[in-house]
Structure formats: C-alpha cells, structure tokens
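Structure assessment
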4 protein chains.
Amino acid sequence: MAAGSTFGNIFKIMTWGESHGEGVGVVVDGCPAGISLTPEDIQIQLNKRKPGQSKFTTQRKEDDEVAILSGVFEGKTTGTPISMVVYNKTQRSSDYSEIAGYYRPGHADYTFDEKYGFRDYRGGGRSSGRETIGRVAAGAIAFKILDVLGIKVNAYAKEIGGISIDYNRFNMEEKENNAFNMPDATAAEKVAEFASQKMKEGDSVGGIIECVISNVMTGIGDPVFEKFDANLAKAIMSIGAVKAFEIGDGFEASKVTGRINNDSFVMKDGKVTKETNHSGGVLGGMSDGSDIVFRAAVKPTPSISSVQKTVNKSGEDIEVSIKGRHDPMIVPRAVVVVESMAALTLVDLIFGNMTSRIDRIVDFYKR
Amino acid sequence: MAAGSTFGNIFKIMTWGESHGEGVGVVVDGCPAGISLTPEDIQIQLNKRKPGQSKFTTQRKEDDEVAILSGVFEGKTTGTPISMVVYNKTQRSSDYSEIAGYYRPGHADYTFDEKYGFRDYRGGGRSSGRETIGRVAAGAIAFKILDVLGIKVNAYAKEIGGISIDYNRFNMEEKENNAFNMPDATAAEKVAEFASQKMKEGDSVGGIIECVISNVMTGIGDPVFEKFDANLAKAIMSIGAVKAFEIGDGFEASKVTGRINNDSFVMKDGKVTKETNHSGGVLGGMSDGSDIVFRAAVKPTPSISSVQKTVNKSGEDIEVSIKGRHDPMIVPRAVVVVESMAALTLVDLIFGNMTSRIDRIVDFYKR
Amino acid sequence: MAAGSTFGNIFKIMTWGESHGEGVGVVVDGCPAGISLTPEDIQIQLNKRKPGQSKFTTQRKEDDEVAILSGVFEGKTTGTPISMVVYNKTQRSSDYSEIAGYYRPGHADYTFDEKYGFRDYRGGGRSSGRETIGRVAAGAIAFKILDVLGIKVNAYAKEIGGISIDYNRFNMEEKENNAFNMPDATAAEKVAEFASQKMKEGDSVGGIIECVISNVMTGIGDPVFEKFDANLAKAIMSIGAVKAFEIGDGFEASKVTGRINNDSFVMKDGKVTKETNHSGGVLGGMSDGSDIVFRAAVKPTPSISSVQKTVNKSGEDIEVSIKGRHDPMIVPRAVVVVESMAALTLVDLIFGNMTSRIDRIVDFYKR
Amino acid sequence: MAAGSTFGNIFKIMTWGESHGEGVGVVVDGCPAGISLTPEDIQIQLNKRKPGQSKFTTQRKEDDEVAILSGVFEGKTTGTPISMVVYNKTQRSSDYSEIAGYYRPGHADYTFDEKYGFRDYRGGGRSSGRETIGRVAAGAIAFKILDVLGIKVNAYAKEIGGISIDYNRFNMEEKENNAFNMPDATAAEKVAEFASQKMKEGDSVGGIIECVISNVMTGIGDPVFEKFDANLAKAIMSIGAVKAFEIGDGFEASKVTGRINNDSFVMKDGKVTKETNHSGGVLGGMSDGSDIVFRAAVKPTPSISSVQKTVNKSGEDIEVSIKGRHDPMIVPRAVVVVESMAALTLVDLIFGNMTSRIDRIVDFYKR
C-alpha cells in the first residue's frame, strides 16, 4: 500500500516525520492498558541511536528529546493511542540545497522523485536515518511489554568491514565499551583501525548485525504467510541500508545436508528441547523454544565524500562529492533499531497468538 | 495474526488445505475484471511444481488438477473472488500413522502441537509442501497481470548442495533441460552426481534460488515499512524451508565499502540508469528501474531416512528413520513457488502504487 | 478496497461464488483450534436460509449441501483455514439470458457493469442472495464459539410490510411456527394476508429485523473507529437489501431529551447494571453488560413481476417485467443472515479484546 | 482490534489524544503527493466544530490551532505521512476530579473502566468530543482531494429535538446563518425556542443530521462486505452519540412495496440515470451516479445538570448532577464531523476502486 509508514496488526504503529521538518514521531495504537511508562523509558532507547558519541558516527549534534502527548495517565498506559514526538532542533537546511538538484548514488533521491514527482530533499527527507526515531520510540514500549513477559532481545555488531567477532571472545557487556556495539574488544580495535583508514579515504564501511531473542514462549508466529521468521524478515529488511536477512544458519544451511542441519529433539529436565539450534528457534514459522537468532546485512553508508558519477535533474551526467557530517558506518547506530523492530514484531505476534486455542480463550474470559 | 493464510493488501489471497484432507486451494479477492483466464493458465504453473518428474523429487504421484469455481465468466475474470481447488486424490493416510506419535526433527510437528494443542499429522498436514499449490495457483493469475504490463519473473537454482552455477555458462533455457531448474548444464551434472550419493546415504541437500524480475516500472514499493524488498523478504521467507533472503549484493554488500557498493547513475538513451546494480533494483524500498535480483536460501529436506534422535509425545527419547517418498531436495520444485510469491508481491505493490500522486488519480478518473 | 469479499481482522473470512457458477463458499482463517465441528453444524444454519419452505419465499429448489474441505481433523478444528463449499446444482441459466441485456431496477446490474465493464448476469451473479451462503456457513462456526462463551444471538422479523409485532404477544418460540420468523402469531397472520395480496399484484414487501445478543461480557468493542455498534452497522449494512441500522433506541433517541434517553446505573445483586437499556447495550462503543439490541431495515424485493421502466445496454428506454421464481419478501430468509453477521462481528471483537490489559496478557502466558 | 483509532485501508489515518492531555492530533498515511495544503485548509474545517459560537454550544473556550508537523514541503503534500497536532490549552482538570469516582449515565466511563481497568477521567479523556478534532483535521485533507475530483459533501441538521426542516423552505446557505446548521430559518427559530426551554430545565436534545454527496463517479464501493453504504455506516456510527444510520429511504423503504421503492432507469441527455433516488445513490453497494443521501441519528447530550441516579466506583447507588460547560445538543457541532467521516470514507473507496479493471490499470501504467 501507499500507506507505508504503518506497522503491525494488533500492536500497531504509524511513524511520521522528515529529517528537516518540524519533527519526527510515532503513534502507537493497540497498546494494552496498565503498563508503567515514562518519557525516560523512551529516552533511554533513543539515546542509544544518538549520533556524535564517537568519531565513527556523524558529528551532527542531535538532542533528541522525546515528549509523550497522549495515552498515558498517572504514569500508566491507558489503552488509547500513545503519541510521541521529537522536535527537530538543529536542522541547517542550507547544507542540503545542493543535493536538491541531483540524485545521490545509493540513496532514495531518484526513486522518491519517480514515485511522488518531487521530494523534500533536505537531509534525505523521509528516507533520512532520523526516520528510525519513531521505530525506536515505539520499540521502547514493546520492550516494556516483553520485559514483563521475561523476554530479552539483544543485538550487536557481528562484523564490520569484513572484520568479524570471535565467539571465543564473545562478551555481551563489552559492546557498551566500544564505539561499534561489538561484543569482542579485539575485533572492535581492528574495526577502529580499518574504519579510520576508510574515513580518511572518503569511503564508508558496512557490516552484519546479529540479534538473539531469548525466553520466547513456543508457538509464536503462524503457519503459511505469517511465519515468525517471515515477519521478522520484513521488519528488519524495512530498515534502511539492510540488504539481507537470515535466521538460524541461514545461507550456511543451504550448503549442508539434512543430517547436519536437522536439530534433534531431546528431553532435558522433563522438557522437549533441541540439541542444536540450526533452525534459529523457528520451525514451520513458529517459535520452538530455542533462542531466536537472526542476522541482518547492512550496506556501507552511501554518503561518501569521494568523487562519484551521477546525473542531475536536467538529465546531465555530472560528478559529485557528498558533503556534510555523515556516519562512516551505519551498523553501530542501527543495532538498537534492529532490536526495536524485532521487539515490535514479537509483541504483535505474541498478541496475535492468544486466539490459537478455544480452551485458552474460554479460560481467559471465564476467570 | 492467527489468520496466517491470508496474503496481500489489495490483490488478496487466502489459501487452505492439508496434505491429506479433501483438497487444497485458494481464493483470490481483489483481482481486476477483464483478464482472460482458463484452468490451463493455472495448470501450466501447477505442473511446474508437480513431483515425480525425475528421480530427484518425490516419487509420489500427485495428479494435481485444478478447477476454477468462481470469478470467471465467459473466459474472463469478473472482479469477484476467484476460488480454485485441487482435490487430493492419492492420499495414503496409513503411511503416516507412525509419525502421529513423535516430532520429526526439522519439521513443524512440535510447534504445531505447542500452538494448537494437536495437529493433523497426515503427511505434514498444513505444513506439507502441498500447501504451496494455493500459492502457485494464485501466482498464475498474478503472472497474467504482470504479462500485460510487460514484466517478467524468472527464478532458477543458483546453487545446490554447495555446487553453484557458473555465470559464464548461464543459459536460462537450459533450466528446462535438467531436473534441477539450473541454467547451467555442467553444474546440473555435478549436482546430479552429488545428490545421488547423498540419496544413497539417506541424506538430503539444500541450495539457493535466484530470481530476476525485469521491466518493473520505477517507484514500486513504499518508503519505511512497506519497502519493495521488505515485502519480498516476507513473501519469500514465508515459503517453508527458506532460511535467508538477500536483495542485490546482499551479505556481500556488507563486506565492501561505499565506493564499491554505490551504483552510479548515468544517462543512457536519454534515460536515467544505473551503471551497476549492486542494489538489486531497489533504492529506499522503491524500484529503481534496474532488474530486481534476489536470492533465497533453502535448507536440505528435513525428511531423511537416516536414523535420527527425537522425542515422542510421551516425553521419551527415541530414534527414528523417516519413511515414505520424500524429495531429496526442495530447490527444484520450489523455483516456481519463489516466482509465484514474487509475482503476488509485485502485483499487490503495483496496485498500491496507483495512488502515489494526485495528478495521476485525477487523470485516471477524468478520462 | 477492491477486495470486498473479506471480512474480519482476527477471525477472518473470505467468501466466493456466483449464483449460477460452480458453487458458493467461504474460507475461515483464524479460527481457534479445538472446536468440535461437523458438516451438520453448518447444515443446520444453512437450512434456515433455504428457500421453498413456504409460499412466501422463492419456489426455487436449492438443495444446499455443505462440505468441509479443510481445517478439521478428527472432528475438531485444527487452527488452520476451514474451507467450505456448496456446489450449485439446479441452475437454469437460460432463465436469465433475457436480463443480460438490460438493467433491473433496484438491482446491482448497472453498477456492476459500471465498475467492472461487464457482469455474470445469470441469477444476479455475485450479487445474488446465494452470496449469503458463505456468510451463514462461516457464521455457524462463530456460533459454536459464542456458544462455549455462553452468548446467545437471536434475530426475528419485527415488522413486515409495515405490520409490526406487538411486544405484549412476544414469544420467541413462535417464530419457528410461521413463514416469517415472527415472534407473534397474530402479526404473522396479518402479514400473510397482506403479502398474499401484494404477490397477486406482482409486488413485493420489505420489513425490519430486530436482533438481541445476550450475555456479552463488558468492554467488547473499541473506542473511536472500532466501536462495537459501528462494526455491527457495517456488518449488517453489508447484507444486500439492508438500508438502515439502529442500535438501542436508534432514531427514536434523537427525538427525546437526555433525561429520558440516559440509562441510570444501579447496583443489582452486587453488580453495576443499567436501569433501562436505551443505549442498546453499548456505551462509547463498548458493550456495557446489557443486551445488545439492534434493528435493520430491509427494502422490498426489487424483483417484481409488475411492469417497470428501465434502460437496456444499447441506451434505449424499455419496459420490463421480471420473470422467474423470486422471493416476495427478503426478511424471513435474511433473519439467519443477520444473526450470522452479528456473530461474525462479535467473535472478531471478542478476540480483539484480549489484549486490552497488560495484566491479563501476563496471566494468559504465565499459566 | 484493540487498535481502535486507525481508519481507512489506503488513505489511512490514526488519531490520538485525550481531552485534558497534552493535545489531540492525527497522522495521515497514504495521502498522495502533490496536493497543495496549508494549515489554513485544516483550520477552516476545525473552526466549524469550535465551541462557544452560540449559547447552544458549550461556553468553554477552545482555541484549537492546528500545526502540520510533516508530509508537506513547499506547500504541497509529499506522499509521506502528514502529522497534525492541536495542543490542549485551557484544560482545567480540577473541574473533573469529581467524576473520577462515579459513572456518568450515557457516558463511556463505566465501559472504559471495564475494558482497561482504569481511565483518564478528565473531561471524558479519549471519549471526549475533542477526539473528533483528529477526524476533522484528516477530513480537511480528504476534502482537498474530493475537490479536485469535483465531488461535494454537504451535511446539515435535518431535525433537532423532533423539530424537522421543511424541504419546501430548504436553503443550504441558510445553515450558516443560525446556530444549528439548519437549512431552514423557520425550523431553526423553533429549535432555538425549544432548546432554550430544555436548557433551563437542565436537559438536553438530540437530532438528525442529513448528508448529501454529489457528483460521485459510478462504481465506487465494492460488492459483499465493502459496500459503499456499509463503509459509510461504520464511519458515521463511529462518531460518539450517533445511534442510527440510514441510506436513501432507509427505514421508510422497509414499509413500502417494491413498485414504490424501485428506482426506474431512464435515459437522460444520453446518459443512464434514475428517475427517483429511493436507493440513496447506492445499488448493490456501489455508487449508481445519483446523489449519495444518508442520515444519522444523534442522541441528546448525556451530560445534563438535572439530578440523575448512578453508582460510584465503590459500588454504591448515588445521585449526581453533571456540572461544567456542556453542549445542550451535539448536532450543530457534529455536522462537520459527519462530513469529515463521509469524506474520509469516500476517498478511501475512490482510491480502492482504481484496480477494478485490468484495462484501466494497463492504461494507467502505459501512459
């Protein structure tokens, strides 16, 4: 549908806002009543995507302060729509007047013009990274819900510029200590070196984000078109710059045989469990009780200062060099966005799962 | 939502049916009037997924004959729902009585039981490959629509059991000549050898399907959550056994720098084009005029005759060997399913794109 | 949306079929697992709309025998889509060849042609009363669900041809004893007389159907756009020939003052109740614990044998007299359709209500 | 769905806000690009629902100034979501502390508590009339679209307190000259007298709003569940205080015979037209080229200063008298809300109708 800024079926969100418009925001419709919620709950998450926290992210200062405008009363959600807004403060539109006239390679300038006839070119307009503020703000509420259900979502940089973490050195806490959200200090150091070099060359780097969701109840997701992994794939692929998605062993699974890829079921502490987790926690589109494990491939930032060929709106071949303060890599700031989209997807599916059995429905209403 | 068998927003389908129930089918709601449509149009596509066409697919005989029950009058669609059914003929339910009691590794038996409390275990029930008949039947109508718009969708096996095609030998017509839908005769021969060996070992193999969509108008897909590639990802990942999706360079894009990954725009014959197509035909979630290129990773068939560990419904660890006539690989028969899901996705997005500009809407109604 | 044959958000149905095509049917997606269901459960409901049961309904013989094709295993729903079909048996297409060329007054012939360019004219095609078979078949499943929740839905003819029931003589069981589904034998006699006269004159009559839903839990329906009564209104107004909908006192409420129309709350047996029920059981769009009471106005059958003016497809003014075996009134057979649509609406809203409070969600999953 | 504040399938809106929260607003997702739009376009419509314009509406001062936060660039819509907000300025929450403890008759206090466990009681919270600001703001954009398509939507008070307009004196311009939006000065005078009396008695009055939509193209709306009139019914019934909906002759149609109710088709100026319009412009759920005519019954304002019985949250029977500045009637201010909901419904259906024929789709894309 043309209405592309709406996500979710039951826990539904609508995001809005352009990079250099009045602000960016989101409305959450379908949030249950009774969840304690403060602006701080949202702010903590937004701060994770804030730029300017190291030399490897854009040096733009974005003081993204969120306000909750509705749906919360006396500190708790009321069940009515929650509207959240972050006003844009430090837009310098003049920075962008130049790009109005041509199409930046790797960006959506050309396709926006083709689809809509024109575009708000300032800072990328709707296709700016600032669009993710709405996702993260809504995601913060999803996390509150997952929290009371005991579910944890953890994403991190698995690889940047081709430099991967070593699982023998894996330390989730370490990801807070480096600029890359990498759970391996040694890998992070190598990335710092490599990325510095590329920045000097006016170039940018990509990477892979991995996400683990633990303690998900079984049976979440639905057969056929609404599989858990299919919904995750859409949610994650909807993040700008993400070019691939895999669950469990993903592409690797296609290269091995059934004997290797099948996960044997075994009894453990009186419970059905899987001996391995090649499936990534999903069988037939429904959660199987193991950790949900997925990965997203993020392309290198398209905004680079190196000279590039492109065309302008008059249909002339030209050469350009993108100016401005751009992230040399998207991965570190995208980690919280991946977590947020995973949380939004999961909450929607958990809610959708409540009507799978008539006896549970009767129990629910007969209490 | 629990209602997992519905796909599409404007061109909407609902599939139904179990492997060993009365039949399988689909209803298409939202198909435009005036499309010439015969049962043969559907049958041709269904025959592409028919088993028993080589020793590398299941030897079950499935004479899948489709009937159109509604929505077509005097050879043309009327704009009302099109109901199509394929009755199940040769079910031998007794074959499956054994698997009622345990959970086959790599299958959805366990998750179905967890979600719904019990399952139709005969032949996998709803999670059987026969579920894809509804997708392919509906896809056949989508192809008729794409056809009048001049759009082509072509998928093929890019890799099976780790053996990849060589693009220097790429020949699309060749895919009809071998059992694997591989556009490279030499690779197909190697696959035949490898797969034969694995079959003897009671094992199975996976692979990668690549799909190219050509001649798509620009601007299809929507920014933010309804990106073309995000919708494709969900559609393709919803196919059983698919574990990964990538568009354009996909995971490879995450390993290179911006200079390499950015596609330069150049004027060609007075038109804006891209010099390369690392993006896979999508920028900012909207089609950019280049070919749409994506890949899906398919896991090896989970049904293998080798001995495997698992648990039964009484909570006991047991050993099993899956009997019956199973495909040693899913890839060849899944090619048409990938094409069908791509076509269904594309038609829905093309329809959704018609309201992107007010002047075009006015033109439409002012004629 | 163009996809007009889909109803419901969680408990979702898609109906299909034309009067003189192969058959009519429905697929239900999102039905919980574990409901005992047999073809007889469906057949009982379908028989209520069967024609030929009195001289006041069409004398066409329609032996509508339903088959369940999927979604039921060992007598219980499995949670997967339930496909139901009624094959058309006694179509005599030749009866209708005449109406192909002109537009019957009060029918959808003209608008179908305008929207779709042509139409399946046989017996009204998709806009035939046979379309309601899908609604009633799906409604039968909704009734099974309401039944286990203790909810009753009862509709009846309140008025036919301007002759109303007298509530002092109201007797629900009486509605089974007359041809009109009227819970008042005296009124039914008067209707019989009046309708006989109109039939002789080649004319037809309309009426009002009233429906009472009892034992609905409080809080069903949602504020703002998804109010219980708004959803009911759409569901009921979607039935062919229905021209008006009112809940509670409806139009009468607009004529009195607040003092009269407000329902006082009072404690009764330790429970909050309403002293009166002018509201019809809904306050602010949510069920308030009282009976849900609504009415639908049904227009007289447009197919009449009297001479009428109309135009043909060549744009000529002509005179016609509709031949064939038509119902002289729609009300009696529409009663079960009203009940079915109410049941479908209610089940969908009851399912949607399960996520209104976080504590209830936690309870649900923590069991 | 619990997500009750979302409306529309293609032209989609999400409203938010409580009477005494930070503000109220709406996001419009799916608005085509290229529509000229200024805050004034919105403000003009909002002013029509502004209170305090006569003694017959609440004397509360609500200076509802709208701001557009996104989706508009250089005076034109961009195709991305349009976020609009009206900040609440003059809330005096203390006015409402009393009603926190009991359930006002005729209001949603009780059902909100039942559904969500608690409520924002200040000024009615989400069920306040201020909720309609989002509807009217979004409706203003819908009107811009209808305008370029040449479609007019006109609603007015047909009846207040049982006093009806006389169609012989009907004058649309007159509705601007009286406090009631009544197109008949004489009737308006009588209403003024009657309503003044009722206000003195601490009572309130209801009425009927009629709406005429002219110049709608044929074929809008879809057969079966998505009929034009069914969608209108839901939209209009979703407005607080509306208890009934009828299209064309509505309830009156149920009392006459087919001969009277059928509209004959006749050729006029070479076009198919209807001699009468008992149908209200809709046949088989699709627009038939005549004016769309519908009516909504509005109940008397439930907030009255007379003493009423009710219960408090402790489960005690009490007597209350609602204080504060309330509208003695809802009809006059609801007229623009009815128009707005009709416009939102119509735009969504017009957009949805663009895919009804394959030849038109091909034309659209082949230009």
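Residues numbered from 1 in each chain as written. Chains lettered and ligands numbered in written order. Predicted model: local features only at pLDDT ≥ 70, side-chain atom pairs only at ≥ 80, totals over all residues. Heavy atoms only, no water.

In this section: the relation of the copies chain A and chain B. It takes a turn of 180° to lay chain A on chain B, together with a shift of 0.0 Å along the axis; the resulting RMSD is 0.0 Å. Here the transformation between the copies is reduced to the relation of a two-fold axis. Taken together, the interface assignments show that 100% of the residues at the interface of chain A recur at the interface of chain B, consistent with an identical surface on both copies. (Least-squares fit on C-alpha atoms with pLDDT ≥ 70 in both. Contact = heavy atoms within 4.5 Å.)

So, about helix α7 (residues 331–352) of chain B. Look at α7 of chain B: 31 Å from first C-alpha to last across 22 residues, which is about the 32 Å you get at 1.5 Å a residue. Across the 22 residues of α7 of chain B, 22 count as buried, placing the element largely inside the fold. (Helix = DSSP H or I, 4+ residues; strand = E, 2+ residues; numbered from the N terminus. Expected span 1.5 Å × (residues − 1). Buried < 20%, exposed > 50% of the residue type's maximum accessible area, 1.4 Å probe, protein only.)

A separate point is unusual backbone geometry. One non-glycine residue, Val224 of chain B, adopts positive backbone phi at about 65°. Summarising the element assignment, Val224 of chain B is placed in the loop between β10 (207–214) and α5 (228–237). Val224 of chain B sits in the buried class, given a relative accessible area of 2%. Unlike most non-glycine residues, Glu74 of chain C shows phi in positive territory, near 50°. Its location among the elements puts Glu74 of chain C in the loop between β5 (72–73) and β6 (76–77).

On to the side chain of Thr301 of chain D, then. Mapped onto the fold, Thr301 of chain D is located in the loop between β16 (292–298) and β17 (307–311). By relative accessible area, Thr301 of chain D is classed as buried at 7%. Apart from the residues lying within four places of it in its own chain, the contact partners of Thr301 of chain D are Gly258 of chain C together with Ser204, Val205, Asp327, Pro328, Met329 and Ile330 of chain D.

The next subject is the packing of helix α1 (residues 39–48) of chain A against helix α3 (residues 132–148) of chain A. All names here are of chain A. Orientation of α1 relative to α3, taken along the N-to-C sense of each, is 125°, at an axis distance of 9 Å. As far as their axial angle goes, α3 and α1 are oblique. You can see that α1 and α3 cross each other, and the crossing is right-handed. For the pair α1 and α3, contact is made by Asp41, Ile42, Gln45 and Leu46 and by Ile133, Val136, Ala137, Ala140, Ile141, Phe143 and Lys144, respectively. (Axes fitted to C-alpha atoms, helices over the stretch in contact; angles between N-to-C directions. Parallel < 35°, antiparallel > 145°, perpendicular 65-115°, else oblique. Left-handed = near helix turned anticlockwise from the far one by under 90°.)

All names here are of chain A. Read from one edge of the open sheet, five strands run β1-β2-β3-β7-β4, paired in antiparallel fashion. A strand with exactly one partner marks an edge of an open sheet, and here the two such strands are β1 (6–7) and β4 (66–68). The pairing of β4 with strand β7 (residues 82–87) spans three bridges and is antiparallel. Residue pairing for β7: Ala67 is matched across the bridge by Val85. Its contacts with the sheet put α3 on β2 (12–17), β3 (23–29) and β7, and the angle it makes with β3 is roughly 35°. (Pairing = 2+ DSSP bridges.)

This part covers the packing of aromatic side chains. Per the counting criterion, the structure on display carries 48 aromatic pairs over all chains. Centroid distance Phe251 of chain C to Phe251 of chain D: 6.0 Å. Interplanar angle 85°. Geometry classified as edge-to-face. Here Phe251 of chain D lies in the loop between β11 (242–247) and α6 (258–261) and Phe251 of chain C lies in the loop between β11 (242–247) and α6 (258–261), a pairing that spans two chains. Grouping residues by exposure puts Phe251 of chain C and Phe251 of chain D together as buried. Ring pairing ties together the aromatic residues Phe364 and Tyr365 of chain A together with Phe364 and Tyr365 of chain C, which thus form one cluster. (Phe/Tyr/Trp six-rings, centres within 6.5 Å; stacked < 30°, edge-to-face > 60°.)

Moving on, we get to the pattern of salt bridges. If you walk through the whole model with that rule in mind, you get 98 salt bridges over all chains. One salt bridge in this structure joins Asp222 of chain B and Lys115 of chain A, with 3.3 Å as the shortest N-O distance. Of the two residues, Asp222 of chain B sits in the loop between β10 and α5 while Lys115 of chain A sits in helix α2 (residues 109–116), which places them in two different chains. When sorted by exposure, Asp222 of chain B lands in the same class as Lys115 of chain A, which is buried. In the salt-bridge network here, residues are joined through shared partners; they are Arg104, Asp109, Asp113, Arg119 and Lys313 of chain A. (Salt bridge = Lys/Arg side-chain N within 4 Å of Asp/Glu carboxyl O.)

Let us look at the interface of chain A and chain B. Chain A puts 111 residues into the contact, and the matching count from chain B is 111 residues. Regarding the contact of chain A and chain B, the summed buried area is about 9000 Å², with carbon and sulfur atoms giving 59% of it. The interface formed by chain A and chain B contains 10 salt bridges. As a salt-bridge pair, Asp203 of chain B and Arg259 of chain A come within 3.9 Å of each other at their nearest N and O atoms. Applying the counting criterion to the chain A and chain B interface returns 61 residue pairs in polar contact (both at pLDDT 80 or more). It is α2 of chain A that provides the largest number of residues to the side of chain A that touches chain B, a total of seven residues. Residues belonging to the side of chain A that touches chain B are distributed by class as follows: 42 nonpolar, 39 polar and 30 charged. (Buried area = accessible area lost by both parts, 1.4 Å probe. Polar contact = N/O pair within 3.5 Å; in protein donor to acceptor, adjacent residues only side chain to side chain. Nonpolar A, V, L, I, M, F, W, Y, C, P; charged D, E, K, R; others polar.)

The subject of this paragraph is the interface of chain C and chain A. On the chain A side, the residues contacting the 26 residues of chain C number 26 residues. Of all residues in chain C, Met354, Ile358 and Tyr365 of chain C give up the largest surface area on contact with chain A, accounting jointly for 28% of the area buried on that side. Applying the counting rule to chain C against chain A returns zero salt bridges. Between the two partners, chain C and chain A, sit 10 residue pairs in polar contact (both at pLDDT 80 or more). Elements supplying a minimum of two residues to the side of chain C that touches chain A: α3 (132–148), α7 (331–352) and α8 (358–366) of chain C. Sorting elements by how many residues they give to the side of chain C that touches chain A places α8 of chain C first, with eight residues. By residue class, the composition of the side of chain C that touches chain A is 17 nonpolar, four polar and five charged.

The next point concerns the environment of Asn231 of chain D. With respect to the element layout, Asn231 of chain D can be found in helix α5 (residues 228–237). Dropping the residues within four chain positions of it, Asn231 of chain D is found in contact with Lys234 of chain C together with Glu226, Thr345 and Leu349 of chain D. Side chain to side chain, Asn231 of chain D and Glu226 of chain D meet in a polar contact 3.1 Å long.

Everything listed here is a matter of geometry and, on its own, says nothing about what the molecule does.
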